[in-house]
Amino acid sequence: MLSCSRVLTRQITGAGARSLLAANRSIHTTLVTKDETTSHGALLTAAEGMRVIPTRGQAAKEKLYMFIQDLCKQNLGEDGYKYFPFALGLFTTIGACNVANLLPYVEMPTQIIGCTVAMSTTLIAGLTIKCIAKHKLDFASFFFPPGAPVGLAPLLVPVETISFFSRAVSLGVRLGANLTAGHMIMHIISDFGAQMLASGTIGGGIGGAFCCAALVPITILEMAVACVQAYVFCMLTTMYMKDAHELH
């Protein structure tokens, strides 16, 4: 007879994954919400192969789901659950590209400012089209704050227009510039250390070893920056989604 511990740790697949999903604490909030049809299906697929007692990988995945789910709820309210798969995919894709950029001889699109600006421009253009389709002529209220004096319209409308469309550039430049700056620092330190080691002197050897040792904490810092920048990009995107829905 199987012991209780073996029964509890037995892998649940197929139909068992669906029953486990209903009891899973990290995904339950999504299932009991009325606007979660898309995210429900995505999570059912992700639940295949889950265990009753989660492994470290499963626990990390559940934490990530809860993190992005809370982000969508905070910025988009109850309607944010239907955008959970999009936000999760955006965060994981950008985060993976940012971390991969730290590998030698690897250059992912998120390190190229032109690519990040193109991505952000596409996102803002899509949100703008969605906003116009939903609110029609009320979309113009974006460019004139409610309650502002009409006499200030010649000044406020150009400022608000520039502010609105600059999102497409600032969102991508912020991501690409922060990653590029960190990589430039690593390149400068590593190049300086290599030159000191090549000098063949005792002082050069000590300085080169110090530069090599300094690369370790800098690399860890850059990994943290890569994850933070993915979070910032995802957070701002959901905030712009809220603006498109509520005309704020």
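Small disclaimer: the values here were computed from a predicted structure and weren't measured.

> Looking at this structure, I do not really get the environment of Phe142. What am I missing?
Note that Phe142 resides in the loop between α7 (113-135) and α8 (153-165). Judged by its relative accessible area of 11%, Phe142 falls in the buried class. Considered as a pair, Phe142 and Ala244 are 102 residues apart in the sequence and their alpha carbons are 9.3 Å apart.

> Is there a simple way to explain unusual backbone geometry in this structure?
Among all residues except glycine, the phi angle is most often negative; among peptide bonds, the trans geometry is most common. Backbone geometry places Tyr105, a non-glycine residue, at a positive phi of 60°. Of note, Tyr105 is situated in the loop between α6 (84-100) and α7.

> Is there a simple way to think about helix α9 (residues 167-198) in this case?
Every α-helix winds through 3.6 residues per turn, so residues three or four apart in the chain are directed the same way. Taking 1.5 Å per residue as the helical rise, α9 with its 32 residues ought to reach 46 Å, and the 46 Å between its terminal C-alpha atoms agrees with that figure. Along α9, the positions that sit buried rather than exposed are Arg167, Ala168, Leu171, Gly172, Leu175, Gly176, Leu179, Gly182, His183, Met186 and Gly193. Turning to α9, the residues buried within the fold contact α6, α7, α8 and α10 (202-246). Residue Gly200 follows α9 closely and has a positive phi angle near 80°.

> How should I be thinking about α7 in this particular structure?
If you check α7, its first and last C-alpha atoms are 32 Å apart, about what 23 residues at 1.5 Å a residue would give, namely 33 Å. For α7, the set of buried residues is Thr116, Val117, Ser120, Leu123, Ile124, Leu127, Thr128, Cys131 and His135. The inward-facing, buried residues of α7 contact α6, α8, α9 and α10.

> Explain the pattern of salt bridges to me, please; I cannot follow it from the model alone.
When charged atoms on two side chains of opposite charge get close, those side chains can pair. Counted by the stated rule, this structure contains 1 salt bridge. A salt bridge links Arg167 to Asp243; the shortest N-O distance between them is 3.0 Å. You can see Arg167 sitting in helix α9 and its partner Asp243 sitting in helix α10, a full 76 residues away along the chain. With a relative accessible area of 16%, Arg167 lands in the buried category. With a relative accessible area of 14%, Asp243 lands in the buried category.

> Before we go on, may I ask you to explain the state of the cysteines in this structure?
Note on terminology: disulfide describes a covalent bond linking the sulfur atoms of two cysteines. Taken as a whole and judged by the stated rule, the model has 0 disulfides. Cys211 takes part in no disulfide bond, and the closest cysteine sulfur to it belongs to Cys212, at a distance of 6.9 Å. Residue Cys234 stays outside any disulfide, its sulfur separated by 6.3 Å from that of Cys72, the closest cysteine.

> In this structure, what is going on with the environment of Met186? I would like to understand it.
Within the secondary structure, Met186 is located in helix α9. For the pair Met186 and Glu222, spaced 36 residues apart in sequence, the C-alpha to C-alpha distance is 9.1 Å. Ignoring anything within four residues of it in the chain, the contact list for Met186 reads Leu102, Leu215, Ile218, Thr219 and Glu222.

> Which parts of the structure should I look at to understand the nonpolar core?
Most often, soluble globular proteins have nonpolar side chains that are buried together. Ranked by internal contacts, the top residues of the largest apolar core, which has 26 residues, are Ile68, Ile94, Phe233 and Tyr240. Among the elements of the structure, α5 (56-76), α6, α7, α9 and α10 are those that each provide at least two residues to this core. In terms of residue count, the dominant contributor to this core is α10 (7 residues). Contacts of Ile94, omitting those with residues within four sequence positions, involve Thr110, Met119, Leu175, Ala230 and Phe233. By size, the runner-up hydrophobic cluster in this structure holds 6 residues, among which are Cys131, Phe143, Phe164 and Ala244.

> When you look at the environment of Ile112 in this model, what are you seeing that I'm missing?
As for its position among the elements, Ile112 is in the loop between α6 and α7. Each C-alpha atom of the pair Ile112 and Thr180 lies 8.1 Å from the other, and the pair is 68 residues apart in sequence.

Cut-offs applied
Residues numbered from 1 in each chain as written. Predicted model: local features only at pLDDT ≥ 70, side-chain atom pairs only at ≥ 80, totals over all residues. Heavy atoms only, no water. Helix = DSSP H or I, 4+ residues; strand = E, 2+ residues; numbered from the N terminus. Buried < 20%, exposed > 50% of the residue type's maximum accessible area, 1.4 Å probe, protein only. Expected span 1.5 Å × (residues − 1). Contact = heavy atoms within 4.5 Å. Salt bridge = Lys/Arg side-chain N within 4 Å of Asp/Glu carboxyl O. Disulfide = S-S within 2.5 Å. Core = buried A, V, L, I, M, F, W, Y, C linked by side-chain atoms within 4.5 Å.

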